[in-house]
Amino acid sequence: MSAHYQAVTWNRQKVIYDGLLAGGVSLYLAVFAGVTAALRPELTLETTLIRGFGTASLLLLHVILAIGPLARLDERFLPLLYNRRHLGVTMFLLALAHAAFALVQFHALGDVNPLVSLLTASADLTRPDRFPFELLGLAALVILYLMAATSHDFWLANLGGPAWKALHMLVYPAYALLVMHVALGSFQAESSRVPAWLLGTGMAAVLGLHLAAALKERRRDRQRLPARADGWVEVCRVDEIPEQRGKAAVVGGERIALFRYDGRVAAVSNVCQHQNGPLAEGRIVEGCITCPWHGYQYRPESGTSPPPFTERIPTFTVRIEEGRVLVDPRPNPPGTAVVPARIAEVAAGAAPAPEANDFYVGYHPRSPRRYARVTGAVAAGLVAGSAAAAAGLAASQDPAGRGIFEYGILREFHGTIVERPYPMLLVARPGITGREAAYSRYLLVAPGKHGAQTLVAGHDGHQARTRARVISREGSLMLEISTAHFEVGAAARPFGPPAAPIALGRRRLLGEILDSKCWLGVMKPATGTVHRGCATRCLSGGIPPLLSVHDPAIPAAQVLLLGPTGAPAHGWLKDHVGGRVAVEGELRLEGDLAVMRVESVSPER
């Protein structure tokens, strides 16, 4: 124990522990990114990082939740328990990186604050395929933040043991929220069921370990010793308690710890005030009971920690009759001094004093050999398992769209501005004159989640020269323009009389309403509920809406959506993104563009 707080009290064990932790996490992220780049090169770096950080955080949380029951089932796992808070803080940082990248990717650079966008993106709480799974992840992240921020013993001392323990037990609600977050996100976005199977396997492992540990503890608690006629409880023989060590028992419904030391026997509560560690599994070190979890100490005769510490635990009155230990089941108030029972003579066959390496506390420079063998094997398995898990999860990702966004590359275009219904640039096709088909039509957008309406306002029919970033997919092109590289000239001569629109009649089309910028190549993936928040912000900012359809009777895979009168419709269609819908209205071909004047939209279940 230490009377002074430090950020980390480094020792050999912590250096090895944190080195393996950093190496395992780095290996996981490297393998995940490498396999993704090899098998899914169309995925953007941002998407890879979001998924890599998120899956690493969730896998680490499963390891954290498994350590506690493993330590209860086999004390050789105690070295993993001692620095478990290091795992918890690392897990939170990974989750925070996942959330930060996702927030920037899907909600930043729009017309509202990213957090406001996250909280207000369209959703349907009654449908699993549109449930706002992101909010479940946000709630879990808040809990993990509180736990990480209070992980230091400074907070444990100032909040008090019970309050601190209750706060950190919130890891289980956080885990439940994360399971729902991942399950719903996978259900809504991925056709592969590998993530779901892995999540189910992890849940089963964590639940199974906790049940096994609970059953072991329950069997111990059921071994309640009957009281004699005088009210005292006969617990064990003196020689059943190892010298300088403890023995656990249940007396009067309470777990107690009996300690034998220097020819005496004393009894205290078995629950350490630090993190409820099992004191009976500890040892007498320098005259104090030392908890095996984190080294907190108590005097056996009074249950008080040595100054300047103030922790106190209940004590029990003990007496010895004919080599047998009897305990008064009524606990004394915490910190009450009790005279230990003296052993008249050492019974034959008394247990010898344990070897020095038979007891482990994490601040010791080395683990006992039998502990080190287990923890070494577990560490090697976890590092190797992290690489295998990363490869499997990366390989299970669905293919993304083949769109291209030439970020960082500026190409020059010269054409005529069309301001309505959505900004476009008409660029002449060489060698063709006199008809609308003599030019290509490029939708124009601004950087971020914004349309180009402000940039082209008042310049309808004017010539323009721009250096723009090309966004393309399946033959459809869009240009991202900016004020710095957009020059407007005089009014342009028309290419010729426009071709008359070809009316295709009133249609009811099934598909998904998309924001054209992301779908054409900026985001991958750019469909489904996972992309709902981003699509909402893009349409709110003026990005033209498209309907992705798979109808052989329609001459285009994407239909530009307008209002009933032909006016822009992004303002009200933003509430229908992120799922399949039925759209009704008049459909027609305007040159090389399929356009629908939308009259109604309804969700398609």
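Calculation notes
Residues numbered from 1 in each chain as written. Predicted model: local features only at pLDDT ≥ 70, side-chain atom pairs only at ≥ 80, totals over all residues. Heavy atoms only, no water. Helix = DSSP H or I, 4+ residues; strand = E, 2+ residues; numbered from the N terminus. Rg over C-alpha atoms; globule rule 2.2 N^0.38 Å. Buried < 20%, exposed > 50% of the residue type's maximum accessible area, 1.4 Å probe, protein only. Phe/Tyr/Trp six-rings, centres within 6.5 Å; stacked < 30°, edge-to-face > 60°. Lys NZ or Arg CZ within 6 Å of the ring centre and 35° of its normal. Salt bridge = Lys/Arg side-chain N within 4 Å of Asp/Glu carboxyl O. Pairing = 2+ DSSP bridges. Axes fitted to C-alpha atoms, helices over the stretch in contact; angles between N-to-C directions. Parallel < 35°, antiparallel > 145°, perpendicular 65-115°, else oblique. Left-handed = near helix turned anticlockwise from the far one by under 90°. Contact = heavy atoms within 4.5 Å. Nonpolar A, V, L, I, M, F, W, Y, C, P; charged D, E, K, R; others polar. Patch = residues over 30% accessible without salt bridge, like charges linked within 9 Å, V, L, I, M, F, W, Y side chains within 5 Å. Areas by Shrake-Rupley, 256 points an atom, 1.4 Å probe, with all protein chains shown as cover. Core = buried A, V, L, I, M, F, W, Y, C linked by side-chain atoms within 4.5 Å. pLDDT = per-residue confidence, 0-100. Arc of directions from axis to C-beta.

The next point concerns the overall build of the chain. The helix and strand tally for the chain stands at 15 helices and 24 strands. Radius of gyration (C-alpha) of the chain: 34 Å, far over the 25 Å computed for a compact globule of 605 residues. Along the first, second and third principal axes, the C-alpha set of the chain runs to 115 × 45 × 35 Å. Across the 605 residues in the chain, those meeting the buried criterion constitute 48%.

Right, let's talk about the packing of aromatic side chains for a bit. Under the defined criterion, the tally for this structure stands at six aromatic pairs. Relative to Tyr442, the ring of Phe413 lies with its centre 5.6 Å away and its plane at 85°, an arrangement referred to as edge-to-face. Residue Phe413 is located in strand β13 (residues 411–418), and its partner Tyr442 is located in strand β15 (residues 439–446); the two are separated by 29 residues in the primary sequence. When sorted by exposure, Phe413 lands in the same class as Tyr442, which is buried. Lying over the aromatic face of Trp232, Arg319 brings its terminal NZ or CZ to 4.3 Å of the ring centre.

Taken as a whole, this structure holds 28 salt bridges when the rule is applied. The shortest N-O distance in the salt bridge between Asp575 and Lys574 comes to 3.5 Å. Judged by its relative accessible area of 42%, Asp575 falls in the partly exposed class.

Further remarks concern the sheet that holds strand β10 (residues 324–327). Reading across from one edge, β1-β10-β9 is the order of the three strands in this open sheet, with antiparallel pairing throughout. Pairing within the sheet leaves two strands with one partner each, and these edge strands are β1 (233–237) and β9 (318–321). Geometrically, the sheet is characterised by an average inter-axis angle of 30° between neighbouring strands, direction not taken into account. Where β1 meets β10, four bridges bridge the pair, whose relative direction is antiparallel. Its bridge partner lying in β10, Glu234 is registered against Leu326.

The N-to-C vectors of helix α1 (residues 12–39) and helix α2 (residues 45–73) enclose an angle of 140°; their axes lie 10 Å apart at closest approach. In terms of their interaxial angle, α1 and α2 are classed as oblique. Helix-helix and strand crossings are classified by hand; for α1 and α2 the assignment is right-handed. Packed against α1, whose contacting residues are Tyr17, Leu21, Tyr28, Leu29, Phe32, Ala33 and Thr36, the element α2 presents Thr48, Arg51, Gly52, Phe53, Thr55, Ala56, Leu59, Leu60 and Ile67 at the interface. Residue classes in the contact of α1 with α2 are distributed as eleven nonpolar, four polar and one charged.

Attention shifts here to the packing of α1 against helix α11 (residues 369–395). Contact geometry for α1 and α11: axes closest at 8 Å, N-to-C directions at 20°. Between α1 and α11, the interaxial angle falls into the category roughly parallel. Read as a crossing pair, α1 and α11 show a hand that is right-handed. Together, Leu20, Gly24, Leu27, Tyr28, Val31, Phe32, Val35, Thr36 and Leu39 of α1 and Ala379, Val383, Ser386, Ala387, Ala389, Ala390, Ala391, Leu393, Ala394 and Ala395 of α11 make up the contact between the two elements. Of the residues in the contact of α1 with α11, the class split is 16 nonpolar, three polar and no charged.

With that settled, the discussion passes to a nonpolar patch on the surface. Taken together, the side chains of Val142, Tyr145 and Leu146 define a hydrophobic patch exposed on the protein surface, amounting to about 280 Å² of accessible area. By secondary structure assignment, the location of Leu146 is in helix α6 (residues 133–149).

Attention shifts here to the nonpolar core. Counting residues in hydrophobic clusters, the biggest one holds 91 residues, and the most contacted among them are Leu60, Leu61, Leu78, Leu87, Leu144, Leu279 and Leu560. With ten residues, α2 is the single largest residue contributor to this core. Excluding residues that lie within four positions of it along the chain, Leu144 makes contacts with Met91, Phe92, Ala95, Ala174 and Leu178. Listed in part, the 20 residues of the second largest apolar core include Ile554, Leu573, Leu587 and Val598.

That bond from Pro307 to Pro308 is cis: its omega, 10°, falls within 30 degrees of zero. Of note, Pro308 is situated in the loop between β7 (297–298) and β8 (315–316). Omega for the peptide link from Arg420 to Pro421 comes to 0°, which places this bond in the cis form. Along the chain, Pro421 falls in the loop between β13 and β14 (424–428). Not every positive phi belongs to a glycine, and Gln244 is a case in point at roughly 65°. As for its placement among the helices and strands, Gln244 is situated in the loop between β1 and β2 (246–251). Here Asn276, not a glycine, exhibits a phi torsion of approximately 60°, which is positive. A relative accessible area of 44% places Asn276 in the partly exposed class.

With that settled, consider the confidence of the model for the chain. Summing up the model confidence of the chain, the mean pLDDT is 88 and the portion of residues at 70 or higher is 93%. Predicted confidence for residues 352–357 stays below pLDDT 50, and this span has seven contacts to residues more than four positions away or in other chains.

For the rest of this paragraph, the subject is helix α8 (residues 161–168). Every α-helix winds through 3.6 residues per turn, so residues three or four apart in the chain are directed the same way. Among all positions in α8, only Gly161, Trp164, Lys165, Leu167 and His168 are buried. When α8 is viewed along its axis, its buried side chains cluster within an angular range of 160° and face the same direction. The secondary structure elements touched by the buried residues of α8 are α4 (84–107), α6, α7 (153–159) and α9 (171–189).

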